[in-house]
Amino acid sequence: MAVYTHVSSDALREFLKAYEIGEVLAFKGIAEGVENSNYFLQTEKGRFILTLYEKRVQEKDIPFFLALIAHLCEHGFPCPGLIADKNGRVQGVLEGRPAVLMQFIEGISVHTGSPKHCEQVGNVMARLHLASQGFSPVRANALGMSSWRKLLQVCERKLHAYPHDVGDELHAVMDTLEKNWREDLPGGIIHADLFPDNVLFRAGKLEGVIDFYFACNDSLAYDIAVCMNAWCFTPEWDFTPDNARALLDGYQQVRPLEKDEIDALPVLCHGAAMRFALTRLHDLINHVDGSMVSPKDPMEYLVKLRFHGGINNAEDYGLNL
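From a predicted model like this one, the values you see are computed outputs, not experimental measurements.

J.: Can you lay out unusual backbone geometry for me, pointing to particular residues and giving the numbers?
T.: At Ala192, a position not held by glycine, the phi torsion is positive, near 70 degrees. Within the secondary structure layout, Ala192 lies in the loop between β6 (187-190) and β7 (199-202).

J.: Outline the environment of Gln133, listing residues and values.
T.: Within the secondary structure layout, Gln133 lies in the loop between α3 (115-131) and α4 (145-155). Sequence-wise, Gln133 and Ile189 are 56 residues apart; in three dimensions their C-alpha atoms are separated by 7.4 Å.

J.: How would you sum up the side chain of His129? Please name residues and give values.
T.: The topology assignment puts His129 in helix α3. A distance of 2.9 Å separates the side chain of His129 from the side chain of Asp223, its partner in a polar contact.

J.: Could you give me a rundown of the packing of helix α8 (residues 259-285) against helix α9 (residues 299-309), with the residues and numbers involved?
T.: The geometry of α8 relative to α9 is characterised by a closest axis approach of 8 Å and an angle of 160 degrees between their N-to-C directions. As far as their axial angle goes, α9 and α8 are roughly antiparallel. In this structure, the crossing between α8 and α9 has a hand that is left-handed. Across the interface between the two elements, Cys269, His270, Ala273, Met274, Phe276, Ala277 and Arg280 from α8 touch Glu300, Tyr301, Leu302, Lys304, Leu305, His308 and Gly309 from α9. Looking at the contact of α8 with α9 residue by residue, the classes come out as 8 nonpolar, 3 polar and 3 charged.

J.: Which residues make up the sheet that holds strand β4 (residues 92-94), and what values go with them?
T.: Strand-to-strand pairing in sheets goes through backbone hydrogen bonds, with the strands running parallel or antiparallel. What the 5 strands build is an open sheet, ordered β1-β2-β3-β5-β4; its pairing is antiparallel. In this open sheet, the two strands that pair with only one neighbour each are β1 (24-29) and β4. Pairwise comparison of adjacent strand axes, ignoring direction, gives a mean angle of 35 degrees for this sheet. Bridge analysis of β4 against strand β5 (residues 97-103) gives 3 bridges, and the strand direction is antiparallel. Bridge pairing links Val93 to Pro98 in β5. Set on the sheet, helix α1 (residues 9-16) makes contact with β1, β2 (37-43), β3 (46-52), β4 and β5; between it and β4 the angle comes to about 165 degrees.

Cut-offs used in this document
Residues numbered from 1 in each chain as written. Predicted model: local features only at pLDDT ≥ 70, side-chain atom pairs only at ≥ 80, totals over all residues. Heavy atoms only, no water. Helix = DSSP H or I, 4+ residues; strand = E, 2+ residues; numbered from the N terminus. Polar contact = N/O pair within 3.5 Å; in protein donor to acceptor, adjacent residues only side chain to side chain. Axes fitted to C-alpha atoms, helices over the stretch in contact; angles between N-to-C directions. Parallel < 35°, antiparallel > 145°, perpendicular 65-115°, else oblique. Left-handed = near helix turned anticlockwise from the far one by under 90°. Contact = heavy atoms within 4.5 Å. Nonpolar A, V, L, I, M, F, W, Y, C, P; charged D, E, K, R; others polar. Pairing = 2+ DSSP bridges.

Laid out in structure tokens, this is it:
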């Protein structure tokens, strides 16, 4: 979450006339994240999250995201419900941006996940993969492997801030990924961004998953690879096998992995690290001055990229497979 578009009191008051949620008691921006503008809203009738969709989220994709969230809620998945206005609409316009009001989920994100956290994350990811099986709309992964080479070319002009051989290194990794990438794995809807700031816990128990704005159709095991990068390294960027084992154990309690998915984990993790190294470089290049968010350090994912490049098979991660 983040704030790029500032909402005036007058604009908020006019927007909320369409809803039956009572008078505003509190309204403040949420600084975490990098994607959309998000605000905490408290009224006489409850607490809500107000989201304004920014430029990276294409307006044509918003109905897909909202339909997916509604589908998951209907199937008992722990995510925030959409708040409809008096006319039954869940999408409006605020400060010139598409805007949505959602339920507030109690809980906080954790900065450093433990094996107990990771087991629950794996479990809820598998639940998402199963709950979305009956969801018919399709959205391609706009930040999938086929987009990375072009993104690398866009980012190269910022690489002067890094050692001179980083560009060559990234191109070499892209060559390897394009050669070894797997397109034949079981697929479906994935979250594609299940980082710690998108999972909420209360008293150690997972309460909800938020921010579905990278959700798309892709291989289910790629979602696990994104999570391994996000949850299975220390703050010093060292790999933690205990977290990885717990993540995979939690996932397989709900959906056992096929052998091909397990065998593909090294290349999928390598690719997920490339994806986030490149998007972080891109965000650094295109940082918006004055926004309530600081771009994240691409170096973290350059380090993870090198780690996964040294993994030959899934057993090298120290997993219970």
